[in-house]
Amino acid sequence: MTSTPENPTPDGSDLDALRAEIDELKAIPEDELLSPTPKSLEEEEPTPHPTDAIGGEEWDEPVEDESLEQE
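Thresholds applied
- Residues numbered from 1 in each chain as written.
- Predicted model: local features only at pLDDT ≥ 70, side-chain atom pairs only at ≥ 80, totals over all residues.
- Heavy atoms only, no water.
- Helix = DSSP H or I, 4+ residues; strand = E, 2+ residues; numbered from the N terminus.
- Buried < 20%, exposed > 50% of the residue type's maximum accessible area, 1.4 Å probe, protein only.
- Areas by Shrake-Rupley, 256 points an atom, 1.4 Å probe, with all protein chains shown as cover.
- Salt bridge = Lys/Arg side-chain N within 4 Å of Asp/Glu carboxyl O.
- Patch = residues over 30% accessible without salt bridge, like charges linked within 9 Å, V, L, I, M, F, W, Y side chains within 5 Å.
- pLDDT = per-residue confidence, 0-100.

Can you walk me through the overall build of the protein in this structure?
Scanning the protein from terminus to terminus reveals 3 helices and 0 strands. Helices (α) and strands (β) of the protein occur, in sequence order from the N terminus, as α-α-α. Among the 71 residues that make up the protein, the fraction classed as buried is 1%. A total accessible area of about 7800 Å² is found for the protein, and carbon and sulfur atoms account for 52% of it.

I would appreciate a short explanation of the pattern of salt bridges in the present structure.
Charged atoms that come close allow side chains of opposite charge to pair. Here the structure, examined in full by the defined rule, presents 1 salt bridge. One salt bridge in this structure joins Arg19 and Asp16, with 3.5 Å as the shortest N-O distance. Here Asp16 and Arg19 lie together in helix α1 (residues 16-27), a separation of 3 residues that amounts to about one turn. Residue classification places Asp16 among the partly exposed residues on the basis of a relative accessible area of 47%.

I tried to follow a nonpolar patch on the surface on my own but got confused; where do I start?
A contiguous nonpolar surface patch, about 240 Å² in accessible area, is contributed by Leu15, Leu18 and Ile22. Along the chain, Leu18 falls in helix α1. Residue classification places Leu18 among the partly exposed residues on the basis of a relative accessible area of 44%.

Is there a simple way to think about the confidence of the model for the protein in this case?
Predicted coordinates in regions of low pLDDT should not be interpreted in detail. Summary statistics for the protein give a mean pLDDT of 77 and a share of 80% for residues scoring 70 or more. Summarising per-element confidence for the protein, the mean pLDDT is lowest in helix α3 (residues 41-44) (56) and highest in α1 (90).

Below, the structure is given as structure tokens:
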């Protein structure tokens, strides 16, 4: 690799942050990387709320309120 005034020879100082990140990842056991344990079940899975059954909604008006006239 040749260096020019626009592209000086790299001294490796820009790789320090990358090396630190690699060291952090190396410290994590392989099992934890492959199958991480959730930090908290509340964060991972939302609480389910009851819903109406499919077809359980009432779409029709009561018979006494129905008419043949269009609005």
